2 protein chains.
Amino acid sequence: MSDRMWILSKDDVDYIALGAGVLGTGGGGNPYLGKLMVQRAIDQGARIAIMQPDAVADDDLLISVSNMGAPTVSNEKLPSGDESSIAFRALERFLGERATAVVCGEIGGSNSMTPLRVAVDLGLPVVDADPMGRAFPELQMDTFNIGGVATTPAALADEKGNVVILAQTSTALWTERLGRVVTVEMGGSAGLAMPVLRGSQLKAAGIWGSYSLAHRIGAAVRKAQREKVRVELALAPLGGMLLFRGKIVDLERKTTGGFARGLVELQGFAADAGSRLRVAIQNENLVAWRDDRVVATVPDLICILDDNSREPVGTELLRYGMRVCVLGFAADSKLTTPAGLVVVGPRAFGYDLEYRPLAGARI
Amino acid sequence: MSDRMWILSKDDVDYIALGAGVLGTGGGGNPYLGKLMVQRAIDQGARIAIMQPDAVADDDLLISVSNMGAPTVSNEKLPSGDESSIAFRALERFLGERATAVVCGEIGGSNSMTPLRVAVDLGLPVVDADPMGRAFPELQMDTFNIGGVATTPAALADEKGNVVILAQTSTALWTERLGRVVTVEMGGSAGLAMPVLRGSQLKAAGIWGSYSLAHRIGAAVRKAQREKVRVELALAPLGGMLLFRGKIVDLERKTTGGFARGLVELQGFAADAGSRLRVAIQNENLVAWRDDRVVATVPDLICILDDNSREPVGTELLRYGMRVCVLGFAADSKLTTPAGLVVVGPRAFGYDLEYRPLAGARI
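Rules used throughout
Residues numbered from 1 in each chain as written. Chains lettered and ligands numbered in written order. Predicted model: local features only at pLDDT ≥ 70, side-chain atom pairs only at ≥ 80, totals over all residues. Heavy atoms only, no water. Helix = DSSP H or I, 4+ residues; strand = E, 2+ residues; numbered from the N terminus. Rg over C-alpha atoms; globule rule 2.2 N^0.38 Å. Buried < 20%, exposed > 50% of the residue type's maximum accessible area, 1.4 Å probe, protein only. Contact = heavy atoms within 4.5 Å. Areas by Shrake-Rupley, 256 points an atom, 1.4 Å probe, with all protein chains shown as cover. Lys, Arg positive; Asp, Glu negative; His and termini not counted. Charge placed at Lys NZ, Arg CZ, Asp CG, Glu CD. Least-squares fit on C-alpha atoms with pLDDT ≥ 70 in both. Buried area = accessible area lost by both parts, 1.4 Å probe. Salt bridge = Lys/Arg side-chain N within 4 Å of Asp/Glu carboxyl O. Polar contact = N/O pair within 3.5 Å; in protein donor to acceptor, adjacent residues only side chain to side chain. Expected span 1.5 Å × (residues − 1). Pairing = 2+ DSSP bridges. Axes fitted to C-alpha atoms, helices over the stretch in contact; angles between N-to-C directions. Phe/Tyr/Trp six-rings, centres within 6.5 Å; stacked < 30°, edge-to-face > 60°. Lys NZ or Arg CZ within 6 Å of the ring centre and 35° of its normal.

Student: What's the story with the overall build of chain A in this structure? I'm lost.
Tutor: Across its full length, chain A carries 11 helices and 17 strands. At 19 Å, chain A has a C-alpha radius of gyration in line with the 21 Å of a compact globule built from 363 residues. A principal-axis box enclosing the C-alpha atoms of chain A has dimensions of 60 × 45 × 35 Å. Taking all 363 residues of chain A together, 61% fall into the buried category. Taking all contacts inside chain A whose residues are at least 6 apart in sequence as the whole, residues at least 24 apart take part in 73%. Looking at chain A as shown, the accessible area adds up to about 13600 Å², and 51% of this sits on carbon and sulfur atoms. Averaged over its 38 positive side-chain charges, chain A has a centre that lies 4 Å from the centre of its 41 negative ones.

Student: In this structure, what is going on with the relation of the copies chain B and chain A? I would like to understand it.
Tutor: What relates the two chain copies is a rotation about an axis together with a slide along it. In the superposition of chain B on chain A (RMSD 0.0 Å, axial shift 0.1 Å), the rotation amounts to 180°. The symmetry that links the two subunits is that of a two-fold axis. Across chain B, the smallest distance between a C-alpha and the rotation axis is recorded for B:Ile165, namely 2.5 Å. The fraction of interface residues of chain B whose copies in chain A are also interface residues reaches 100%, indicating that both copies meet through the same surface.

Student: For this particular structure, what's the right way to read the interface of chain B and chain A?
Tutor: Opposite the 19 residues of chain B that make contact, chain A presents 19 residues. With both chains or domains summed, chain B and chain A bury close to 1900 Å², and 60% of this area falls on carbon and sulfur atoms. Summed over the three residues of chain B that lose the most area to chain A, namely B:Asn162, B:Gln168 and B:Glu185, the buried surface amounts to 28% of that side. The interface formed by chain B and chain A includes 2 salt bridges. Between chain B and chain A we count 11 residue pairs in polar contact (both at pLDDT 80 or more) in total.

Student: Any chance you could explain the pattern of salt bridges here in plain terms?
Tutor: Where charged atoms from two side chains of opposite charge approach closely, those side chains can pair. Under the defined criterion, the tally for this structure stands at 42 salt bridges over all chains. A:Asp352 is the partner of A:Arg347 in a salt bridge, and the nearest nitrogen-oxygen pair spans 2.5 Å. Linking B:Arg245 and B:Glu232 is a salt bridge whose minimum nitrogen-to-oxygen distance equals 2.8 Å. Of this pair, B:Arg245 sits in strand β11 (residues 241-256) while B:Glu232 sits in helix α10 (residues 231-235); the two residues are 13 residues apart in sequence, bridging distant segments of the chain.

Student: How should I be thinking about helix α1 (residues 10-23) of chain A in this particular structure?
Tutor: Residues that lie three or four places apart on an α-helix share one face, since the helix turns once every 3.6 residues. Residue and element names in this part refer to chain A. In this model, α1 (14 residues) spans 20 Å end to end at C-alpha, consistent with the 20 Å of a helix rising 1.5 Å per residue. Counting buried positions over the 14 residues of α1 gives 12, a clear majority of the element. Where the residues of α1 are buried, they touch β1 (5-7), α2 (32-43), α9 (210-227), β16 (301-306) and β17 (323-329). Positive backbone phi, at 45°, marks Thr-25, one or two positions downstream of α1.

Student: Honestly, the side chain of A:Glu232 in this entry has me stumped. Any pointers?
Tutor: Look at A:Glu232 and you get buried, because its relative accessible area is 0%. The residues touching A:Glu232, leaving out its near neighbours within four places in the chain, are A:Leu242, A:Arg245, A:Cys325 and A:Leu327.

Student: Would you take a moment to explain the sheet that holds strand β15 (residues 293-297) of chain B for this structure?
Tutor: Strand pairing in a sheet is mediated by backbone hydrogen bonds. Such pairs are either parallel or antiparallel. Residues and elements named next belong to chain B. The strand order β15-β14-β13-β12-β11-β17-β16 describes an open sheet built from 7 strands, whose pairing is antiparallel. Each edge of the open sheet carries a strand with a single partner, namely β15 and β16 (301-306). Neighbour-to-neighbour, the strand axes of the sheet open up by a mean angle of 35°, direction not taken into account. Taken together, the 6 bridges between β16 and strand β17 (residues 323-329) define a ladder with antiparallel strand orientation. The residue of β17 that forms the bridge with Asp-306 is Val-324.

Student: Sorry if this is basic, but what is going on with the pairing of strand β8 (residues 163-168) of chain A here?
Tutor: Where a strand is regular, its side chains alternate between the two sheet faces. Across the 6 residues of β8(A), 5 count as buried, placing the element largely inside the fold. Note: strand β7 (residues 154-157) of chain A against β8(A), 4 bridges, orientation antiparallel. Within the sheet, the bridge partner assigned to A:Ala155 lies in β8(A) and is A:Ile165. As consecutive antiparallel partners, β7(A) and β8(A) are separated by 5 residues, and within that stretch A:Gly161 has a phi angle of approximately 105°, a positive value. Pairing analysis gives 5 bridges linking β8(A) to strand β8 (residues 163-168) of chain B, with the strands arranged antiparallel. Across the sheet, A:Val164 pairs through a bridge with B:Leu166, a residue of β8(B).

Student: Would you take a moment to explain the packing of aromatic side chains for this structure?
Tutor: Both the distance between ring centres and the angle between the ring planes are used here to describe each pair of aromatic rings. All told, the structure shown has 3 aromatic pairs over all chains when counted by the stated rule. Sitting over the face of the ring of A:Phe269, A:Arg323 holds its NZ or CZ atom 4.7 Å from the ring centroid.

Student: Looking at this structure, how should I read the sheet that holds β17(A)?
Tutor: All names here are of chain A. Taken together, 7 strands build an open sheet; the order of strands is β15-β14-β13-β12-β11-β17-β16 and the sheet is antiparallel. The two strands at the open ends of the sheet, each matched to only one other strand, are β15 (293-297) and β16. With direction set aside, neighbouring strand axes in the sheet form an average angle of 35°. The pairing of strand β11 (residues 241-256) with β17 spans 6 bridges and is classified as antiparallel. Residue pairing across strands places Gly-246 opposite Val-324, the latter belonging to β17.

Written out as structure tokens, the structure is:
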């Protein structure tokens, strides 16, 4: 990994995908399929460069990419893989200007891989940054929007040849609403290119080092797997805090209002014997209560890992009897400002709770 | 009315709106509100010019406009009036080229007035042509699509400041599908600008003289109203054929699948005493059966007028006991070619019927 430009190896991609799975906090979609596509491209000679944010010029044009839609759909309706590249190019044509680099719209989950695929298609570098540092379910829930970057123009593309541009919207929530109905009509999943931003905006509003962090997390988990070390010990140097270790004893899941909602309940063992932890889910793990006391809330990260395999477990893969380890990571400070909490705090998800920074966690 | 450029008076606008009501064949929305807006603009000094199609240069850029959505919504959620102008300008910016004139997307119903309002906003002339010669419920049901004009790019705008561009679609039906969900999310009604076409395409694929025809129909109806002449006599020289005169004795209406569907049944009187006429409705009047014999089918026009007031009656205004006169008009020949009937024939609306030209009608 050079100081300014980092060319990804296949192992790097494996670590990033694994780390992105942890940062997905139960949502964001499984990066597995995207990882295979990117690794195959590297096998075929693709050279994917990650550049540091401070290497971007202030007036460089950047476009962020992701996949919009329910992750469960993307797992079954396989993307052709170039939807986000098509959306990216459509925005460039709309603007009449070429972008110099690709930005990741969401480091958590499968969207960590989307910019790498666009980079392969278009021969552009990817900036080591994102606007979430995790996964969130809605398009406006990110530090670019919180930091005042316009959510339009935005482009959506599907595998059938349809391209829609949201040229202008009255608010960021309207970008989400219109993008959502177009995505649903496109079949539940679409390539998304947005927002458009200048290098100066990325540097001010973005979260730096997202790919590096995912890579470090993934490498640490792989090492813990090889060496049979407890995963919370491996992740403690990267900010991971053990919230609970236990067995899933109750699990409710339903899909309503476009969200996968649910509640998972754990019975503690080892140091947590005698306690219970409940985690509320809306695509991602959002709030954790230990014996009715709140111990973690969104936007802090609540990550559930399989205690045997040490792999992150998406909410759709939780099952009764599974032994898991629940880790917390502090959210990026841009998400926990008063303006940030309006967009991504517990109340933005309908919980009548104040955000409280992770506390009482231990390694 | 000069040979090439016709400046509309307030009376002209009244005649056009009334004639467009007849050509709406029960659907297309009531032109009344749009008429008032255009007449007020003329009062305030606006000069609206209608130009003949042969005055358009072959390489002139033209953009067609209309309002997309359920007419019943437009009657209650009043448009600010400039949605279609905003969509028009958005398409020009997308294309990087200015249009020289406005084209009417649908002469039947309220969309006859939409281009006149755009003409006022943008200071452009309106071409005396449209691609339907009537009203149809879906965006791809027109002679531009039948004649091979691409349905994209298309732009939609609402009164809240949202602008969406359908940059590219795989088929015309996808333009309809994506435009429809965006319109619904915008609140059920949106300004639409599409298609973009060159003067040569308009001349080849358009229906010429739509505003002139609406004007002649409206003027004839107003004259019949003043002189208490039966409306079928007034409209016979313009192609109107009396299909039936009777009283509404049964009426079913429901809104399903985005359409206002229904069936109206008439008991004949005068020369039609002893007979019944049934008319099937999907936004527009689509098929008429006289005593179980098909006497008219889409795309021919089936127009229901109030037998007392001589005003056209939209399907939403039909009521039990109303005495009406049902007229047929032959569809433009571009709609009744084999390629045209695939798009706008009875089967395109789900009727297991062959199109049969109006027959057995009489004045």
